[in-house]
Amino acid sequence: MRYRQLTTGTLALGVLLLIDVLRVWLPGIITIFGQAASTPAELMGAFALGWFVLALGAPAVVRRVGARPVTVAAAVALAVARLTLTAAPGGRTQLWVATAGLLAGLVWLVGVAADTDRPVPGLALGFAANAAVHAVLDTADLVWRGDWVAWLLSAVAVAVFLAGTAQPGRRGGAGGALAGPADAPAGPADAPAGAGGGRAWLLAGPALLLAGMVALSPALARTGMSYLVAGDGVARSPLFGLAPVPVAVAGFLCAALTRPPPGWARAYGPVALLGGAVLFALDRGDLLLPAILLAAVGLGACLALTDDASTDDGLANVSTGGGASASRRGYAVAAGMLVFALGAVGYYSAYDLGYPNAPVPVVVAVLVAAVAFTARPVVHRLAGPFPPLRAAAAVTALALLAPVLADEVPVASNRDGPPERLTVVAYNIRMGFGLDGRFDLTGLAEVVVRQRPDVVLLSEVDRAWLLNGGHDTLDLLADRLGMPYVFGPAADPVWGDAVLSRWPVRDPRTLPLAAVGAPTGAQALAVTLDLGDGVRTAVVSTHLQPPPGRGPVVQARAVADFAIRYAAGRPLVVAGDLNTEPGDEAFTEFVDAGLVDALAAARPLATSPADDPRQQIDHIFVSPGLAPSDPVAPRSTASDHLPVAVTVTLPPR
């Protein structure tokens, strides 16, 4: 393997490791540094932004100490942090290890930028490979698995990354050379870094944000597929939900690694990216798939427009680029990563502060499109080690494994005759993260399975938020429970409530609830369980969001009325995180509607916080015809809430 191949691969692998660290660090801001419901969003945002601002000092360090010592030291720190996180330590240790890894990764990027004037292929391969691996792993990364396979693969990735970093010499155009046989004589691409690459490095951060949120998000792809199954604003377990991922990866890489068309035709990338961002910003589940595909191709094409290492630019500036160009590239990548942080904080803080966040991805896409389209067209591109189509085909082949290896579709079927009883579990799962900040699907599944449920109602279900690691928590949990799901969007198309059932589900409906001043959206999801022989039971899952300083009275009244009308005289169960205590006005709305507190026999039954329960805010209500028994809130720290469970006896037929 020629040196320039190795350095391009090393850049891609380093990007992959940095994204792995980000998938741990970002959720840690919410689950470890602060609590989303109590810690001010401004404080959490300041903590997040501070480290990216600190990284702006890295170019000065590189200029004083030299790129190579800084790059090697930062690479070692990134590698050590990544391996340490595989142990999933949890708590403050996890947060500070991830923070150290993030800062090391930012400094490493600055060091690499000083010696690399053509980073586009390395960045593009890193983004695409991470998406492919994330999809093959069913959106649950190696860092959260902790078994011997996770340790082995993590160790191999880290070892190859460090071996590539340890190679002596300057990267120059090798960091991003394309095309050309591996045994060709050393040419211009092996020369020291020229003066180019600034625009490409500036786009590294914004491109990472758009890739993680939209263009290359396997969880978003599966969620988009699940909306196509059900329609009517709800989502169901899809077949081959990850099938769009290889299409998006192939489109992204082919656009990023091939020469842009001449003239005004080069505008197709910026236009496609803006189109994808706008579709995503419309917050409609049925538009997620076209948003992904447009954004993937557009983002790749925009990166290609900034791939400016040509024989005219890359060689002419070898003698004049010097330290000034290296410093400019360093500041460019540091500034670009600050844009990543600003975009992420600006988008996700809206769910705590209540302002519109739809413009955020559009503004970032406008920035990427403007920087890309105003780049000087390249007349003569340099050849390099990786043929574009072969590189795209290799990563796409990896992504193609995902629909085969990672997609499981639990199937519900009628038993022999209707059951006499149903066991109902309601659980606020906090996006899958336990009190220690670990992504704890095993803990969530175990506490639910112990109740032997027939139907499970989930709150705070996250299906693709980059802030929470980009997992499809609902699909992962459904696989572990062996129960298909129906999902109702609340805050946006990928965050809401769900019903999982061992019995077939019919007639799903969702009711958006008035915010009444609450920053996060809420809804009520109603489904009908088909228990066989014409027996039907209505189930409503909801998560009420109280306005500041008041109870969720208006939402409670709306849910109770919606549930009664939907059930139309059939047996009814209403459950979820209602954010109200027995005796409160919002709680009374359900009682006044004729529903029965199914947990009354076990009161007081506190459910939050999970490690020291003091509040009774998770509830199950049933219609008078259902006889509740065995109410319980089993102890677990797999979420910040305890689940509540009850067995209800169906009325005689």
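Here the structure is shown first, and the text comes after it.
The rules we used
Residues numbered from 1 in each chain as written. Predicted model: local features only at pLDDT ≥ 70, side-chain atom pairs only at ≥ 80, totals over all residues. Heavy atoms only, no water. Helix = DSSP H or I, 4+ residues; strand = E, 2+ residues; numbered from the N terminus. Buried < 20%, exposed > 50% of the residue type's maximum accessible area, 1.4 Å probe, protein only. Contact = heavy atoms within 4.5 Å. Phe/Tyr/Trp six-rings, centres within 6.5 Å; stacked < 30°, edge-to-face > 60°. Patch = residues over 30% accessible without salt bridge, like charges linked within 9 Å, V, L, I, M, F, W, Y side chains within 5 Å. Areas by Shrake-Rupley, 256 points an atom, 1.4 Å probe, with all protein chains shown as cover. Salt bridge = Lys/Arg side-chain N within 4 Å of Asp/Glu carboxyl O. Expected span 1.5 Å × (residues − 1). Pairing = 2+ DSSP bridges. Axes fitted to C-alpha atoms, helices over the stretch in contact; angles between N-to-C directions. Core = buried A, V, L, I, M, F, W, Y, C linked by side-chain atoms within 4.5 Å. Left-handed = near helix turned anticlockwise from the far one by under 90°. Parallel < 35°, antiparallel > 145°, perpendicular 65-115°, else oblique. Nonpolar A, V, L, I, M, F, W, Y, C, P; charged D, E, K, R; others polar.

Participant: Quick question: what am I supposed to make of the environment of Arg 438 here?
Facilitator: Positionally, Arg 438 belongs in the loop between β2 (421-428) and α19 (441-449). Note on Arg 438: relative accessible area 25%, which makes it partly exposed. Taking the C-alpha atoms as reference points, Arg 438 and Pro 582, 144 residues apart in sequence, are found 31 Å from one another. Beyond its immediate sequence surroundings of up to four residues, Arg 438 is in contact with Ala 88, Pro 89, Gly 90, Gln 94, Trp 144, Gly 432 and Phe 433.

Participant: Sorry if this is basic, but what is going on with the packing of aromatic side chains here?
Facilitator: In this description, an aromatic ring pair is defined by two values, namely the gap between the centres and the angle between the planes. Applying the stated criterion to the full structure yields 21 aromatic pairs. Ring geometry for Phe 33 and Phe 47: centres 4.2 Å apart, planes at 15°, overall stacked. With Phe 33 in helix α1 (residues 3-33) and Phe 47 in helix α2 (residues 41-54), the pair connects residues that are 14 residues apart, well separated along the chain. Accessibility expressed as a relative area gives 21% for Phe 33, which makes it partly exposed. With a centroid separation of 4.9 Å and an interplanar angle of 85°, the aromatic rings of Tyr 347 and Tyr 348 are classed as edge-to-face. Each member of the pair, Tyr 347 together with Tyr 348, is buried. Pairwise contacts between aromatic rings join Trp 25, Phe 33, Phe 47, Trp 51, Phe 52, Trp 96 and Phe 340 into one cluster.

Participant: I keep staring at a nonpolar patch on the surface and nothing clicks. Help me out?
Facilitator: On the surface, a nonpolar cluster with roughly 580 Å² of combined accessible area is contributed by Trp 148, Val 149, Leu 152, Leu 153, Val 156 and Val 160. Within the secondary structure, Val 149 sits in helix α7 (residues 148-166). With a relative accessible area of 33%, Val 149 lands in the partly exposed category.

Participant: Help me out: how do you make sense of helix α9 (residues 204-215) in this one?
Facilitator: Note: α-helices contain 3.6 residues per turn, so residues at a spacing of three or four share the same orientation. In this model, α9 (twelve residues) spans only 14 Å end to end at C-alpha, well below the 16 Å of a helix rising 1.5 Å per residue. Most of α9 sits inside the fold, with twelve of its twelve residues counted as buried. Of all the positions in α9, only Ala 204, Gly 205, Pro 206, Ala 207, Leu 208, Leu 209, Leu 210, Ala 211, Gly 212, Met 213, Val 214 and Ala 215 are classed as buried.

Participant: Can you walk me through the sheet that holds strand β10 (residues 596-597) in this structure?
Facilitator: To summarise the sheet geometry, strands pair through backbone hydrogen bonds and adopt either a parallel or an antiparallel arrangement. In space, the six strands of this open sheet follow the order β6-β7-β8-β9-β11-β10, with mixed pairing throughout. The two strands at the open ends of the sheet, each matched to only one other strand, are β6 (505-513) and β10. Across two bridges, the pairing between β10 and strand β11 (residues 618-622) is antiparallel. Across the sheet, the residue bridging to Val 596 is Val 622, located in β11. Seen against the sheet, helix α21 (residues 553-567) touches β6, β7 (522-530), β8 (536-543) and β9 (572-577) and runs at an angle of roughly 155° to β6. The strands that helix α22 (residues 585-592) touches are β9, β10 and β11; relative to β11, the one it contacts most, it runs at about 15°.

Participant: Would you mind showing me how to read the pairing of strand β13 (residues 644-649) here?
Facilitator: In summary, the side chains of a regular strand alternate between the two faces of the sheet. Of all the six residues making up β13, five are buried; the element is thus mostly covered by neighbouring parts of the structure. The pairing of strand β12 (residues 627-632) with β13 spans four bridges and is antiparallel. For Ser 629, the partnering residue across the bridge sits in β13 and is Thr 647.

Participant: Honestly, the nonpolar core in this entry has me stumped. Any pointers?
Facilitator: Taken as a class, soluble globular proteins show a tendency for nonpolar side chains to be buried jointly. With 159 residues, the main nonpolar core has Trp 25, Phe 252, Leu 253, Leu 458 and Leu 500 as its most contacted residues. At 15 residues, the largest contribution of residues to this core is made by α1. Setting aside its immediate chain neighbours within four residues, Phe 252 contacts Ala 124, Phe 127, Ala 128, Leu 216, Ala 296, Leu 299, Gly 300 and Leu 303. Residues Val 424, Trp 503, Val 527 and Leu 642 belong to the second largest nonpolar core, which totals 31 residues.

Participant: When you look at the packing of helix α13 (residues 288-305) against helix α17 (residues 359-373) in this model, what are you seeing that I'm missing?
Facilitator: The description of two packed helices rests on the angle between their axes and on the distance between the axes. Here α13 crosses α17 at 35°, and the two axes come no closer than 8 Å. The chirality of how α13 crosses α17 is left-handed. Together, Leu 299, Cys 302 and Leu 305 of α13 and Val 368, Ala 369, Ala 372 and Phe 373 of α17 make up the contact between the two elements.

Participant: What am I meant to see in unusual backbone geometry here?
Facilitator: As a rule of thumb, non-glycine residues mostly have phi less than zero, and peptide bonds are mostly trans rather than cis. Along the chain, Arg 603 connects to Pro 604 via a cis peptide bond; the corresponding omega equals -5°. By secondary structure assignment, the location of Pro 604 is in the loop between β10 and β11. Phi is positive for Phe 240, which is not a glycine, with a value near 55°. Take Phe 240: it is sitting in the loop between β1 (235-236) and α11 (244-257).

Participant: Explain the pattern of salt bridges to me, please; I cannot follow it from the model alone.
Facilitator: Pairing between side chains of opposite charge can happen when their charged atoms approach one another. In the structure shown here, the tally under the stated rule is 18 salt bridges. Arg 23 is the salt-bridge partner of Asp 141, the closest N and O atoms lying 3.7 Å from each other. Linking Asp 141 in the loop between α6 (120-136) and α7 with Arg 23 in helix α1, this pair joins segments that are 118 residues apart in sequence. With a closest N to O distance of 3.0 Å, Arg 509 and Asp 507 form a salt bridge. Connected through shared salt-bridge partners, Asp 138, Arg 222, Asp 407, Arg 463, Asp 472 and Asp 475 make up one network.

Participant: Where do I start with the side chain of Gln 555 in this structure?
Facilitator: Along the polypeptide, Gln 555 turns up in helix α21. We classify Gln 555 as buried; its relative accessible area is 2%. Gln 555 has contacts with Leu 513, Ala 514, Ala 515, Ala 522, Leu 544 and Gln 545, leaving out every residue within four places of it along the chain.

Participant: Is there a simple way to think about the sheet that holds β1 in this case?
Facilitator: Read from one edge to the other, the open sheet built from seven strands follows the order β1-β4-β5-β3-β2-β13-β12, with strand pairing classed as mixed. One side of each edge strand has no neighbouring strand; the edge strands of this open sheet are β1 and β12. Note: β2 against strand β3 (residues 455-462), five bridges, orientation parallel. Counterpart to Asn 428 in the pairing with β3 is Ser 459. Where helix α20 (residues 473-481) meets the sheet, it contacts β3, β4 (485-492) and β5 (495-501), and its direction lies at approximately 155° from that of β3.

Participant: Whenever I open this one, the packing of α6 against α11 confuses me. Can you help?
Facilitator: Running from N to C, α6 and α11 point in directions that differ by 175°, and their axes come no closer than 10 Å. With respect to each other, α6 and α11 are oriented roughly antiparallel. Contact residues: α6 offers Val 120, Pro 121, Ala 124, Leu 125, Phe 127, Ala 128, Ala 131 and Ala 135, while α11 offers Val 245, Val 249, Phe 252, Leu 253, Ala 256 and Leu 257. Grouping the amino acids of the contact of α6 with α11 by side-chain chemistry returns 14 nonpolar, no polar and no charged.

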